[in-house]
Amino acid sequence: MTSTSSRSSSTITATRLSNQPPLPPPPPNPSSRFPVTPAVLRSIFTSSRTPYEERSISRVAFFRFAGFLLSCVCISFAAARGRGMRGSASLLGVV
């Protein structure tokens with residue numbers, strides 16, 4: 001009697017599993033994928049940092065950019081120095 005009840009319960013379980021529909025495969029269309037934009041990447045990296053770390057990184061990036069611009073201006077003035085004052089002033093649009 002126990003063998004009959006164990007067989008029927010295993011048959012019921014197997015029948016329930018076989019009645020479930022299989023999962024559909026992912027769509028092959030690449031345009032339906034989530035686009036990876038710089039904003040998405042930034043949000044991924046931002047979520048892994050504390051607000052203090054994010055503020056510190058932003059400050060470092062700002063000062064590096066300001067240093068780059070300042071060095072470009074200094075190099076431009078140094079290059080124009082050989083041309084005389086009138087030449088460098090015309091570069092700035094003063095004359």
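Note that residues are indexed from 1 along each chain, following the sequence as it is written. Thresholds applied to this predicted model are a pLDDT of at least 70 for local features of residues and 80 or more for the giving and counting of side-chain atom pairs; totals over whole chains, interfaces and linings are not thresholded and use all residues. Side-chain numbers here rest on the full set of heavy atoms in the structure, without hydrogens or water.

Asker: Just checking my understanding: could you explain the overall build of the protein chain for this structure?
Answerer: Labels follow the DSSP assignment, with helices taken as runs of H or I lasting at least four residues and strands as runs of E lasting at least two, numbered in each case from the N terminus. Helices and strands together make up the secondary structure of the protein chain, namely four helices and zero strands. If you list the helices and strands of the protein chain from N to C, you get α-α-α-α. Exposure is judged per residue with a 1.4 Å probe applied to protein chains only, and the accessible area is read against the type maximum: over 50% gives exposed, under 20% gives buried, and values in between give partly exposed. Within the protein chain, the proportion of its 95 residues that are buried is 5%.

Asker: How should I be thinking about the side chain of Glu 54 in this particular structure?
Answerer: Its place among the elements puts Glu 54 in helix α3 (residues 51–80). Using a relative accessible area of 11% as the deciding quantity, one classes Glu 54 as buried. Two residues form a contact once any of their heavy atoms are found within 4.5 Å. What Glu 54 contacts, discounting residues up to four positions off in sequence, is Arg 42, Thr 46 and Arg 49.

Asker: Teacher, can you tell me more about the packing of aromatic side chains here?
Answerer: Aromatic rings in a pair are described by how distant their centres are and how their planes are angled relative to each other. Aromatic rings from Phe, Tyr and Trp, with only the six-membered ring used for Trp, were paired whenever their centres fell within 6.5 Å, and each pair was classed as stacked if the ring planes differed by under 30 degrees, edge-to-face if by over 60, and tilted otherwise. Scanning all chains against the criterion turns up one aromatic pair. With 5.2 Å between their ring centres and 70° between their planes, Phe 62 and Phe 63 make a pair best called edge-to-face. The class of Phe 63 is exposed, set by a relative accessible area of 57%.

Asker: Would you explain a nonpolar patch on the surface in this entry?
Answerer: Residues enter patches when their relative accessible area tops 30% and they take part in no salt bridge; the joining distance is 9 Å for like charges and 5 Å for the nonpolar side chains Val, Leu, Ile, Met, Phe, Trp and Tyr. Here, Shrake-Rupley sampling with a 1.4 Å probe gives the accessible areas, and only protein chains in the shown set may cover a residue. Between Lys or Arg on one side and Asp or Glu on the other, a salt bridge is scored when a side-chain nitrogen of the former is within 4 Å of a carboxyl oxygen of the latter. A cluster of nonpolar side chains, contributed by Val 36, Leu 41, Ile 44 and Phe 45, occupies part of the molecular surface with about 400 Å² of accessible area. Relative to the elements of secondary structure, Ile 44 occurs in helix α2 (residues 38–47).

Asker: For this particular structure, what's the right way to read the pattern of salt bridges?
Answerer: When the charged atoms of two side chains with opposite charge come close together, those side chains can pair. For the coordinates displayed, the defined rule picks out two salt bridges. A salt bridge links Glu 54 to Arg 42, with the nearest nitrogen and oxygen atoms 3.2 Å apart. Placement of the pair is Glu 54 in helix α3 and Arg 42 in helix α2, with a sequence separation of twelve residues. Here Glu 54 makes a salt bridge to Arg 49, at a shortest N to O gap of 2.7 Å. Look at Arg 49 and you get partly exposed, because its relative accessible area is 28%. A single salt-bridge network, built from bridges that share partners, covers Arg 42, Arg 49 and Glu 54.

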